[in-house]
Amino acid sequence: MYPYSYYRQQPQGFFPGSTISNINRRLDRIENRLNDHDRKLRQLNRRLRRVERQIGFSVFGTDEDF
């Protein structure tokens, strides 16, 4: 009735047809993007603090608070 391939199970994993190495590669890319965003956010926070000091706003805490 149906071809044999219809009954075969898909490989197990997070995504159909994925392998552990593919999953690890994707996780590494996600982690790198997260680290890049964190670095950019810290740069923006330092820049904001510097501008606040220049215009005389009161600054609480340190750059490491963010």
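About the criteria used
- Residues numbered from 1 in each chain as written.
- Predicted model: local features only at pLDDT ≥ 70, side-chain atom pairs only at ≥ 80, totals over all residues.
- Heavy atoms only, no water.
- Helix = DSSP H or I, 4+ residues; strand = E, 2+ residues; numbered from the N terminus.
- Buried < 20%, exposed > 50% of the residue type's maximum accessible area, 1.4 Å probe, protein only.
- Areas by Shrake-Rupley, 256 points an atom, 1.4 Å probe, with all protein chains shown as cover.
- Salt bridge = Lys/Arg side-chain N within 4 Å of Asp/Glu carboxyl O.
- UniProt positions renumbered as here; feature names shortened; annotations may be inferred.

### Comments concerning the overall build of the protein
Thinking step 1. When helices and strands are tallied, the protein shows 2 helices and 0 strands.
Thinking step 2. Every one of the 66 residues in the protein was classed for burial, and the buried ones make up 8%.
Thinking step 3. Carbon together with sulfur atoms contributes 55% to the accessible area of the protein, which is approximately 6,500 Å² in total.

### Some words on the pattern of salt bridges
Thinking step 1. Counting across every chain of the model gives 1 salt bridge.
Thinking step 2. Its salt-bridge partner being Asp38, residue Arg42 comes within 3.5 Å of it at the nearest N-O pair. Placement of both Arg42 and Asp38 in helix H2 (residues 20-55) is noted, with a separation of 4 residues, approximately one turn of the helix.

### Here's the deal with the UniProt feature "coiled-coil region" (unreviewed entry) in the protein
Thinking step 1. In the numbering adopted here, UniProt assigns the feature "coiled-coil region" (unreviewed entry) to residues 20-54.
Thinking step 2. In this annotation, residues 20-54 is assigned 100% helix and 0% strand; the end-to-end C-alpha distance for the span is 51 Å.

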